[in-house]
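Analysis of the macromolecular model
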Amino acid sequence: MLRKMCLFLSCALLIDAQLFFPLKAARQLTERLRAKLSQYRDRTRERNTQMICYDVVGCFSLPHKNSPLQKVPESPAALDTKFLLFTRQNRTEPELLHYADASGSLRSSSFNVFKPLKVLIHGYTSKWNQSGAVQVKDAYLQLYDCNVLLVDWQNGARGPQYTSAAANTELVGRQLGILLLSMVEGGLQPHNIHVIGFSLGAHVAGAASEPLKIKGHLMGRITGLDAASPLFRSNHFREKNKKLDRTDARYVDVLHTDASPFLADGFGLWEPIGHADFFPNGGQQQPGCRDRRSSVLITQLEGGKLTRESACSHIRAFQLFTETISSKLGPPGAAPCQFIAYSCPGGMPAFEKGHCFPQLPKGNLTGETGLFGEDSTGEGIMYFSTRASSPYCGTQLQASVYVAQRTSAIKGVLQIALFYPHHSVTFHIETNTKDFVMSGSRMDAVAVAPFRSLDPLQTPAIHTNLHFFPIQVEEEEENRTAIAPGRLYVDKIVVRDMWGNSWQHSEKELMVSDSSPKRLILRTV
């Protein structure tokens, strides 16, 4: 409105000036008014925007919103970011590369523009030489003749102030982007760049894409491992160009292991942001972890201590990805275990109920399936299940229970325990009244057996224990009916893997309860 008023006054004064003054004087008056308007715009911009500029990396701005959660990046001197290059010529002693030395250190290093580049970026309160990153670096150099670059932004990622670390991701990303641009201008093909970022490191990777995109280049792939959620959930806190999204590379695959739809929960993003977004075990609390929920804001934003226990599900993202690389180093000729993921038309609720489970009898992936990890494939939102401890990859299974018509409305948990030589697998199926609308209704659950432990030729029969634990439900007066307490009747139980193998037991109106658990045998079909 003010701008329109200023323009209106400018035009009015110009008309008056032309009537009472010579044309030259009128033009001078108009120019003075335009200069005043420009000064007003500059003052308004200064009041609304905080900006700081550094040599080489340029300027960084952040709108003033009177919020202590929003900061500008620290200076490059304070961060002291380092880029450490490893190749097969220097597997253990890194070569230090500089982003601001006109490619001098790059030219004198063992970097080879004709070989692929893997970039590893650590997360909050971490450092470049932790055992996990070193393990991945060593595995890459054993698998491929490639360049491996480890980003050391330990000073910028230090605690306890998470807000400062979150702001520093943009500057570190720009530093990395400038170095990557030097590599591309020196002959490296952009599609040969694969950047892997964990937690805040995923957003460093997103910011690193910007210097390349400005010059018309798009790196080949970015893998975001549980990209950090606090201050990155929406554009209100962090603009699109300051965080990871699907426009930052030709293929952006993202793993979500500690996500939550609630703001105070989850270290990782809930929203899908890539070409492929993988949600293992539903993407929230991971099996084997006992994360304290509703603690993210306290832990990260207020300087609380971050531990491996409180971030167990978050750290699992890096562990799962690492396993997909190390498994490729197994015995020659042995097929490694793979995290086979699949889409689910019913979304996360249908996955958690075990309703979505692919059948791949020929061993080939379909358009609805993909792989998570080093050899990632797939598109859209995808799910898979893992074991609770390392090795996390295994044979994914689905158990289906066909409910007999005799079963009345009841709520509870059905536990199915499978026992076979040296191994056991347990399914838990939560039931409720809508599961028993009609005869033949089916309840499903998923679980994971150790890899290669369950083969129909070696294991034609599986011993099974069934327990049903009822939950007392208060029903409204008008809906009360005569309910057989704690009794579940089933007609058939089937356990299947993804490759078309199945084991089953059929018995009409088999009663299962807590007081009367059933022991039976599932046999191959």
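In this report, we go over the structure that sits alongside the text.

Procedures and definitions
Residue positions are given per chain, counting from 1 as you read along its sequence in written order. Only residues with pLDDT of at least 70 get local features here, since the model is predicted, and only at 80 or more are side-chain atom pairs given and counted; chain-wide, interface and lining totals rely on the full set of residues. Heavy atoms from the whole structure form the basis of all side-chain values; hydrogens and water molecules are not counted. The criterion for an aromatic pair is that two Phe, Tyr or Trp rings (for Trp, the six-membered ring) have centres within 6.5 Å, with stacked assigned to planes under 30 degrees apart, edge-to-face to planes over 60 apart and tilted to the rest. To qualify as a helix, a DSSP run of H or I must reach at least 4 residues; to qualify as a strand, a run of E must reach at least 2; elements of each kind are numbered from the N terminus. Only protein chains enter the accessibility calculation, which uses a 1.4 Å probe; a residue whose area is less than 20% of its type maximum is buried, one above 50% is exposed, and one in between is partly exposed. Multiplying 1.5 Å by the helix residue count minus one yields the expected span of that helix. Values of bend correspond, residue by residue, to the angle between axes fitted over the seven residues ending at that residue and the seven starting there. Polar contacts, as used here, are pairs of N or O atoms within 3.5 Å; protein pairs need one atom able to donate a hydrogen and one able to accept it. Residues neighboring in sequence count only if both atoms are side-chain atoms. In this description, contact between two residues means that some pair of their heavy atoms is separated by no more than 4.5 Å. Here the rule is simple: two strands pair whenever DSSP picks up at least two bridges between them. For this analysis, a salt bridge means a side-chain nitrogen from Lys or Arg found within 4 Å of a carboxyl oxygen belonging to Asp or Glu.

**Comments concerning the packing of aromatic side chains**
- As enumerated under the stated definition, the model contains 15 aromatic pairs in all.
- Consider the rings of Y342 and F357, whose centres lie 6.2 Å apart with planes at 75°: the pair is edge-to-face. Here the residue Y342 occupies a position in strand 11 (residues 339-342), and F357 occupies one in the loop between helix 10 (347-352) and strand 12 (369-372), the gap between them amounting to 15 residues.
- Owing to a relative accessible area of 2%, Y342 belongs among the buried residues under this scheme.

**A short note on unusual backbone geometry**
- In this structure, the amide linkage connecting S390 to the following residue, P391, adopts the cis form with an omega of -5°.
- Turning to its location among the elements, P391 is positioned in the loop between strand 13 (380-384) and strand 14 (394-403).
- Even without glycine at this site, S103 takes up a positive phi of about 70°.
- One can find S103 in the loop between strand 4 (90-97) and helix 4 (104-107).
- The phi dihedral of T125 falls on the positive side, at around 60°, and the residue is not glycine.
- Among the secondary structure elements, T125 is positioned in the loop between strand 5 (117-121) and helix 5 (131-143).

**Remarks on helix 6 (residues 162-185)**
- An ideal rise of 1.5 Å per residue puts 34 Å on 24 residues; helix 6 measures up with 35 Å between its terminal C-alpha atoms.
- At N168, helix 6 shows its largest kink, close to 30°.
- Taken across its 24 residues, helix 6 has 22 buried, putting it largely inside the fold.

**A look at the side chain of E374**
- By secondary structure assignment, the location of E374 is in the loop between strand 12 and strand 13.
- When its relative accessible area of 7% is taken as the criterion, E374 is described as buried.
- A distance of 3.2 Å separates polar atoms of two side chains, one belonging to E374 and the other to Y144.
- If we ignore the near neighbours within four places in the chain, the residues touching E374 are K118, Y140, Y144, H194, R221, F321, T324, I325 and K328.

**A short note on the pairing of strand 14**
- Of all 10 residues that make up strand 14, 10 are buried, and the element is covered over most of its length.
- Pairing analysis gives 9 bridges linking strand 14 to strand 17 (residues 442-450), with the strands arranged antiparallel. Its bridge partner lying in strand 17, Y402 is registered against R442.
- Here 7 bridges tie strand 14 to strand 19 (residues 488-497), and the two strands are oriented antiparallel to one another. When the bridges of strand 19 are listed, A399 appears paired with V495.

**A look at the pattern of salt bridges**
- Overall, the coordinates contain 16 salt bridges when judged by the stated rule.
- Its salt-bridge partner being K213, residue E210 comes within 3.0 Å of it at the nearest N-O pair. Placement of the pair is E210 and K213 together in helix 7 (residues 200-214), with a separation of 3 residues, close to one helical turn.
- The partly exposed category is assigned to K213, whose relative accessible area is 25%.
- A salt bridge links R221 to D253; its shortest N-O distance comes to 2.8 Å. Taken together, the residues R221 in strand 8 (residues 221-225) and D253 in strand 9 (residues 251-255) connect sequence positions 32 residues apart.
- Given a relative accessible area of 0%, D253 falls into the buried group.
- Overlapping salt bridges bring together E170, R174, E239 and K242 as one network.

These figures come from the coordinates and say nothing about function on their own.
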